[in-house]
Amino acid sequence: MMEARNNLRYLDQSERDLVTRKQLTEHSKIVRSAVIANLVNAVIILTLFSKDVSASALVLWCTVFVFATGDRLRLRNISNDPGLSPGEMLKTKRNITRNAVIFAHVWGVGVAYLIPISSPSELILLAVIGAGKMSAGVMSYRHLPEASKAWTIIIAICLSIGLLFMGGTESYLAICLLATFAMILLLAGKQNFGSFADEIFAQHELSEAAETVKLLLNDFEEQSSNWLFSVDSGGYLLDVCDRFAEAAHCSAEDLNESLLVSLLDEEEDRRMLTNYIAQGVSFPAIMVSVTINDDKHWWKISGRATKGGAEQLGVAMRGVISDITAQKSAEEKVRYMAHFDGLTDLPNRRFFSEALNRAIHRAQPDDKIALLLFDLDHFKAINDTLGHPIGDKFLTMVSRRLENVSKSNDTLARIGGDEFALLLSGERAEFAEDIANLIVHAAGKPFLIDDHNVVSSASVGLAQWTQDITEPDMLVKYADLALYSAKGAGRNRVAIFEKEMDVAAEERRNLELDLRASFAEQEMRLHYQPLIDLKTLKQTGFEALLRWEHPERGFVMPNEFISVAEETGMIVQLGEWVIRKALEDAAQWDEALSVAVNLSPSQMRSANLIPTIVNALAQTGIAPQRLELEITESILMQDSDVNIRTLHSLRKLGVRISLDDFGTGYSSLNYLRSFPFDKIKIDRCFVNEIDSRDDCRAIIKSVISLAKNLGMTTTAEGVERQEQVDDLRALGCDQVQGYLYGKAEALDNCTDLRPAEKWVPLVGSVSLPVAANRVSAASRRKSA
């Protein structure tokens with residue numbers, strides 16, 4: 001079809017007429033600029049070459065040029081006539097092609113005549129003019145392919161003849177280039193017209209489709225109209241139909257000769273409709289409100305002024321009225337849903353964003369604006385334990401309490417699951433901190449929901465607007481940083497934004513970016529700290545501890561980046577690397593030595609945990625019992641049933657499981673009953689004061705006794721003094737770990753792990769490698 005449209009012979013008469021009309025219209029738009037360009041080129045040639053050409057030749061050339069220019073302008077005026085018949089349009093198009101042929105000869109013959117008599121510098125100018133005229137002709141006649149083709153061929157032939165008369169190899173080469181250029185221009189002209197024709201038919205089809213749709217819509221409106229009406233020039237109803245009377249809940253007799261506008265509620269609607277009728281002006285559909293039996297309805301009224309016989313009968317206007325109450329209600333509901341939260345009936349994030357945007361951009365220097373962002377602490381636990389229906393009711397009740405705290409000029413919105421925002425302005429903004437504390441107090445009161453006593457709290461972040469805050473997102477960012485600070489400080493409190501928070505957030509962001517890059521840069525390292533058997537005072541294994549060796553930050557300790565890795569999800573990838581690397585290193589050790597690796601909560605939830613361990617054990621060939629996985633009590637607090645099943649799966653592999661930092665969390669004995677741990681690790685906070693506080697000693701004694709009764713071994717962390725060792729040995733502790741026996745070091749520095757080391761006594765009957773002796777002593781001096 002596209003190829004057919006490029007050739008008018010394949011089109012029917014109406015399509016050919018459409019294309020011809022568009023050709024003439026579009027061509028006429030560029031005639032004026034083309035004439036000006038021709039005049040400029042003519043002046044240049046006459047100025048430079050008039051002395052080299054005879055007077056008769058100049059007069060002839062100028063006469064033809066002026067005639068062709070005048071004829072082209074005349075044809076332009078004819079082309080703009082919208083009343084041309086199809087025959088006249090074809091005649092005009094042929095005349096334009098004829099004019100193009102004359103102009104092509106004017107320029108082709110003129111330039112060809114000058115080529116043999118020109119100097120080298122003048123030849124360059126003629127070459128530019130000749131090539132330019134060929135290109136310009138293709139552009140100016142791009143809507144008329146016959147004219148464009150004739151223009152290009154004639155000028156190319158004339159210039160080739162001029163070059164032949166000039167003679168020489170250079171001329172023949174120039175003719176070849178000229179022929180190539182002409183072919184390119186001809187192809188370009190064909191493609192230009194093809195695109196032009198396609199655009200014409202696309203626009204025509206679109207116009208026809210729009211007209212069809214319009215007719216269908218009008219027909220649909222007429223067929224589905226509720227009722228018709230007629231009014232005289234004064235706006236009084238005539239011949240009211242039964243459907244109209246039924247819709248208005250009046251009798252047809254009462255409505256006849258009553259004012260149509262008297263049914264409308266709004267004065268503005270009455271005045272507008274009266275003007276249309278009085279002026280006899282047809283009007284499109286207008287929406288008006290009417291009250292019928294104390295119920296508000298919406299009508300759509302369309303009217304058309306009558307002519308001829310209808311006017312003689314006294315009918316000034318006829319029209320259609322439709323009841324669109326249901327449609328209007330649906331639109332209002334959609335509009336409401338777009339700006340309000342369906343659960344709490346509070347404004348939603350979109351409504352709030354628009355209100356905040358207006359407040360920021362209209363704020364004057366002395367204005368007061370405050371933004372409070374707050375969410376409900378541990379709302380997920382309420383949802384998970386009591387179910388989503390209770391959670392939804394809880395959110396609704398919280399919203400009602402928050403409405404009691406806010407005022408009519410405030411903007412209170414629910415912007416997320418359990419996230420809310422409150423925008424304050426004027427005097428209210430000056431008391432923003434007090435209002436924030438009221439929110440904390442209101443959210444902290446118990447809720448009785450379906451016999452459930454639900455207790456929660458709220459964390460609030462507060463940010464005050466200043467003149468340097470030009471965008472709403474900046475104020476939201478500051479309030480969000482304050483909210484983050486409130487949560488970090490223990491929740492159930494108010495935090496006010498300070499500039500230091502922004503600095504800290506930026507530092508954390510940079511830390512996150514560096515952490516992401518650390519994987520590609522291979523900056524992560526494993527250090528190893530020995531585990532000592534208190535009976536034999538020999539090493540039984542090592543704990544793998546992660547270190548980040550950053551080129552600018554230096555060695556970064558885990559407590560500085562693990563929380564970021566947890567929040568961003570990088571901890572899973574990092575943990576998998578630790579497992580593989582630790583087992584790879586342990587494969588080089590004595591088979592009697594074990595390696596301990598810490599697991600994070602995110603790793604425990606990862607489906608790749610067990611496959612990662614299985615693959616790492618298979619690749620390194622290490623016996624599973626040499627791998628010890630350490631978990632904390634917090635892991636068991638989250639999805640405990642799932643995590644217990646995961647631990648049992650790991651136990652079936654032969655891997656040993658340790659409970660780390662025992663005594664610092666919830667220390668529920670139910671965990672020890674649910675899963676038979678191989679080891680309990682006593683936290684350093686108890687070990688540090690075992691020789692100075694009786695309560696620490698008593699706690700450690702109880703833990704050791706409990707572990708022995710359950711068949712578990714115990715390891716005391718953070719051992720730094722010999723007195724601690726003596727007390728732990730006396731209480732029956734199995735293993736110790738700490739600076740007294742060596743700090744965590746890189747594998748290359750752990751000479752204990754090198755084969756064929758010579759063992760020497762360190763203190764008492766303790767035996768450690770010589771290198772370990774030096775490292776431990778050095779580390780103790782450094783820490784001291």
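Structure first, text after, so check above.
Residues numbered from 1 in each chain as written. Predicted model: local features only at pLDDT ≥ 70, side-chain atom pairs only at ≥ 80, totals over all residues. Heavy atoms only, no water.

Focus on the packing of helix α5 (residues 120–140) against helix α6 (residues 145–166)
Logical step 1: Running from N to C, α5 and α6 point in directions that differ by 165 degrees, and their axes come no closer than 8 Å. Classified by the angle between their axes, α5 and α6 sit roughly antiparallel to one another. By crossing handedness, the relation of α5 to α6 is classed as left-handed. Across the interface between the two elements, Leu123, Gly130, Lys133, Met134, Gly137 and Val138 from α5 touch Ser148, Trp151, Thr152, Ile155, Ala156, Leu159 and Met166 from α6.
Logical step 2: Across the contact of α5 with α6, the residue classes break down as 8 nonpolar, 4 polar and 1 charged. (Axes fitted to C-alpha atoms, helices over the stretch in contact; angles between N-to-C directions. Helix = DSSP H or I, 4+ residues; strand = E, 2+ residues; numbered from the N terminus. Parallel < 35°, antiparallel > 145°, perpendicular 65-115°, else oblique. Left-handed = near helix turned anticlockwise from the far one by under 90°. Contact = heavy atoms within 4.5 Å. Nonpolar A, V, L, I, M, F, W, Y, C, P; charged D, E, K, R; others polar.)

With respect to a negative patch on the surface
Logical step 1: Side chains of Asp242, Glu246, Glu253 and Asp254 sit close together on the surface and give a patch of like negative charge.
Logical step 2: At the level of elements, α8 (242–248) and α9 (252–255) are the ones that each hand at least two residues to the negative patch.
Logical step 3: On the secondary structure map, Asp254 appears in helix α9.
Logical step 4: Residue class for Asp254 comes out exposed when judged on its relative accessible area of 57%. (Patch = residues over 30% accessible without salt bridge, like charges linked within 9 Å, V, L, I, M, F, W, Y side chains within 5 Å. Areas by Shrake-Rupley, 256 points an atom, 1.4 Å probe, with all protein chains shown as cover. Salt bridge = Lys/Arg side-chain N within 4 Å of Asp/Glu carboxyl O. Lys, Arg positive; Asp, Glu negative; His and termini not counted. Charge placed at Lys NZ, Arg CZ, Asp CG, Glu CD. Buried < 20%, exposed > 50% of the residue type's maximum accessible area, 1.4 Å probe, protein only.)

So, the side chain of Ser518
Logical step 1: Positionally, Ser518 belongs in helix α19 (residues 499–521).
Logical step 2: Under the relative-accessibility criterion, Ser518 is labelled buried at 1%.
Logical step 3: Excluding its chain neighbours within four sequence positions, the residues that come into contact with Ser518 are Glu523, Met524 and Trp548.

Considering the sheet that holds strand β6 (residues 369–376)
Logical step 1: Spatially, β7-β8-β6-β11-β12 is the arrangement adopted by the 5 strands of the open sheet, whose pairing is mixed. Because the sheet does not close on itself, it has two edges, and the strands there are β7 (411–414) and β12 (494–496). For this sheet, the mean angle separating the axes of adjacent strands, direction not counted, is 15 degrees.
Logical step 2: Bridging between β7 and strand β8 (residues 419–425) involves 4 bridges; their strand directions are antiparallel. Among the inter-strand pairings, Arg414 is bridged to a residue of β8, identified as Phe420. (Pairing = 2+ DSSP bridges.)

A look at the pairing of strand β16 (residues 594–598)
A regular strand places its side chains on the two faces of the sheet in alternate fashion.
Logical step 1: Summarising burial for β16: 4 of the 5 residues are buried, a large majority.
Logical step 2: Note: strand β14 (residues 539–550) against β16, 3 bridges, orientation parallel. Opposite Glu543, over in β16, you have Ala596 as the bridge partner.

Structural notes on unusual backbone geometry
Logical step 1: Notably, His249 is not glycine yet its phi reads approximately 55 degrees, a positive angle.
Logical step 2: Note that His249 resides in the loop between α8 and α9.
Logical step 3: One non-glycine residue with positive phi stands out, namely Asp294, at about 65 degrees.
Logical step 4: Examined against the element boundaries, Asp294 turns out to sit in the loop between β3 (283–292) and β4 (295–305).
Logical step 5: Given the relative accessible area of 76%, Asp294 is considered exposed.

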